[in-house]
Amino acid sequence: MSDSIHDIAIESLMKEERIFDPPEEFRKRANINSPDIYKKAEENFEAFWDELAKSELHWFEPYQKVLDWNPPYARWFDGGKINVSYNCLDRHVLSGGGDKIAYYWEGEPGDTREVTYADLLRDVKKCANALKQLGVQKGDRVAIYMPMVPELPVAMLACARIGAPHTVVFGGFSADALAGRINDSQAKVLITADGGYRKGNIVPLKKNADEALKNTSSVEKVIVLKRTGHDVDMTPGRDIWWHDIVPNQSEDCPAEPLDSEHMLYLLYTSGTTAKPKGIVHTSAGYLLGVSLTHKWIFDIKPEDVYWCAADIGWVTGHSYIVYGPLANHTTSVIYEGAPDYPGPDRWWSIIEKYKVTILYTAPTAIRAHMKWGPQHAQAHDLSSLRLLGSVGEPINPEAWLWYYKYIGGERCPVVDTWWQTETGMIMISPLPGITRLKPGSATFPFPGVQADVVDEQGNSVPPGVGGYLVLKRPWPAMLRGIYGDPDRYVQTYWSRFPDVYFSGDGAKRDEEGYFWLLGRVDDVMNVSGHRISTIEVESALVDDPRVAEAAVIGQHDEVTGEAIFAFVILKSDVEPTPELGEELRQHVARKIGPIARPKRIMFTPDLPKTRSGKIMRRLLRDIANDRQLGDTTTLADASVVELIQSATKANV
Ligand code: 6R9
């Protein structure tokens, strides 16, 4: 794999430390073309957000206070009444923008739909009325487990319209993962589909949902969208087809005026324990954060065709496929399936077909395209593109330069955007009309955001020195908590340094103040831009009765960033075989989802542990990545490491 990436002769580029200035034409037309914006935000950051909240959002009732900061609890725009779906739909339709395309949708098998803002508003109202008919009230949680079809944003916005927080569960997650999220959120209704398409296969969403619902008790009704048309079981009294309940509803459904701090959604993300955290996002501040960053960082103009190629099941899709773009009355592309189906040029044909002007994707996808080769992009006309974005993990300079050269034709700025499920909005990123780009750096904090790199004591570190990335000031789209677990909220984010948000990432700054992200500093892996906790995978492994113990680490991978490497100790009467390894890999995929399937499983008689019995994953990481071993003095039994080391080598 590494050979093919290096084959494309970009090593020479790698040695360049070129700085990429904003092209003059781009700068002239950019939404933000003066660095004064940073100064303005710093002079008075509350006044900065106040002015924007008034100019960017529609309010049913004005707020009384911009920010109420009681660390670690923030309330933004308190006293105001707002509705997110009204801001995303009604206001555009009411001002004559109903005919504009909201989504060009492309199904994996090649079917297409064009959805206007007026269409979307009508469908959202009907879906909201269907939810009401099923007894969903303001505050009730609705779980959504759907493929990437237009009905997914419809369902989310319908929830937002009536004040029912949604929790979207990525369609690639398993029945167990879905059940866990339903149980934690106590969702009353589940919206799903018979299935979705992925690489020419059907993902059996309804079947998974049925399995999940055996282990949950809160869900009273299930709405099922027909997407694939294959046979599914429908439980009488519980399951209702979307086409039997949504289309015949009235089109009359006024948006509910909700408090600024009303919960908009919950989104589960991996932390350092086996139990995913339900990140709470609320209405007004979140909407301001995502719409403003979308408008300024992607330099959104009315004529743009914008494509964020993430899945809506992740925060990137929530903020930058649904809420940000719709609030900005943007035309977006949604593509249902895999990037290499039916061939590796699928993305480039979509860009050519819809004349996409802005593409936002992840380094792992870029590296996969690098592996497949630039000829697929070169076979298509990508001249409509004017801006490229990256998110999900640090982008290595090779991938940045490949993206810039082969996709952007050396004319499009690349915005590398650092943020998290918890931050809700992009926090560190270039502004493409003013920022001089350095490949591999996310550059500077967004105006109004205060980021720092600190040492163990919380002191800022000098340029060139690595440390912890922290955020020192509240921001409007910040998480408001972990659902049902206030202690964990304080513990995870606000305990390491007083009144400062701890991101879990390492970073350093250079002499010019550019931020360079260094990856997670906790037990969270980043596989293809997806967060997976080592402990989640370990729990899935030891769930198999033949496994005594497991330790999981991220191993460097050219395409996926990290790959999951599991060290497994079997019970004494179990024979280690390649078949068992395969079974365990599948078991993890079933328990969590295919993205968590370990790439490699190694059977080992023992694991390196401290005297207090803590597994030293750091050493396993060193072994797996073939690095010099770090400090081994705290090991209870140093010979274990040698044993594993020689076994790993023999196995490669
Ligand atoms: C949006 C999203 C968050 C974690 C984050 C960090 C990594 C995201 C990055 C990046 C370096 C970037 N990350 N963007 N690292 N440069 N531009 O991905 O949210 O799924 O919660 O993951 O992803 O490690 O802490 P989420």
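Notes on the structure follow.

About the criteria used
Residues numbered from 1 in each chain as written. Predicted model: local features only at pLDDT ≥ 70, side-chain atom pairs only at ≥ 80, totals over all residues. Heavy atoms only, no water. Buried < 20%, exposed > 50% of the residue type's maximum accessible area, 1.4 Å probe, protein only. Helix = DSSP H or I, 4+ residues; strand = E, 2+ residues; numbered from the N terminus. Pairing = 2+ DSSP bridges. Near = heavy atom within 4 Å. Polar contact = N/O pair within 3.5 Å; in protein donor to acceptor, adjacent residues only side chain to side chain. Areas by Shrake-Rupley, 256 points an atom, 1.4 Å probe, with all protein chains shown as cover. Nonpolar A, V, L, I, M, F, W, Y, C, P; charged D, E, K, R; others polar. Expected span 1.5 Å × (residues − 1).

### What about the pairing of strand S29 (residues 561–570)?
Consecutive side chains along a regular strand alternate between the two faces of the sheet. Burial analysis of S29 places nine of its 10 residues in the buried class, the great majority of the element. Here 10 bridges tie strand S28 (residues 547–557) to S29, and the two strands are oriented antiparallel to one another. Looking across to S29, one finds that Ile553 is bridged to Phe565. The hairpin formed by S28 and S29 contains three residues between the paired strands. Pairing of S29 with strand S30 (residues 600–603), which is carried by four bridges, proceeds in the parallel orientation. Residue pairing in the sheet places Ala566 in a bridge with Ile601 of S30.

### Some words on the site of the ligand
The environment of the ligand is made up of 17 residues, and the closest members are Asp416, Thr417, Thr421, Arg520 and Arg531. Note that a nitrogen atom of the ligand is positioned 3.1 Å from one of the backbone N or O atoms of Gly392. Thr421 places a side-chain nitrogen or oxygen 2.5 Å from an oxygen atom of the ligand. The fraction of the free accessible surface of the ligand (530 Å²) that becomes covered by protein chains is 97%. Contributing elements (two or more residues each) for the shell around the ligand: helix H13 (315–327) and strand S25 (515–520). A per-class count over the shell around the ligand returns six nonpolar, six polar and five charged.

### Considering helix H12 (residues 284–297)
Helix length check: H12 (14 residues) gives 20 Å between terminal C-alpha atoms against 20 Å at 1.5 Å per residue, within 8%. Buried residues dominate H12, accounting for 13 of its 14 residues. Once H12 finishes, Asp299 follows within two positions and takes phi at roughly 50°, a positive value.

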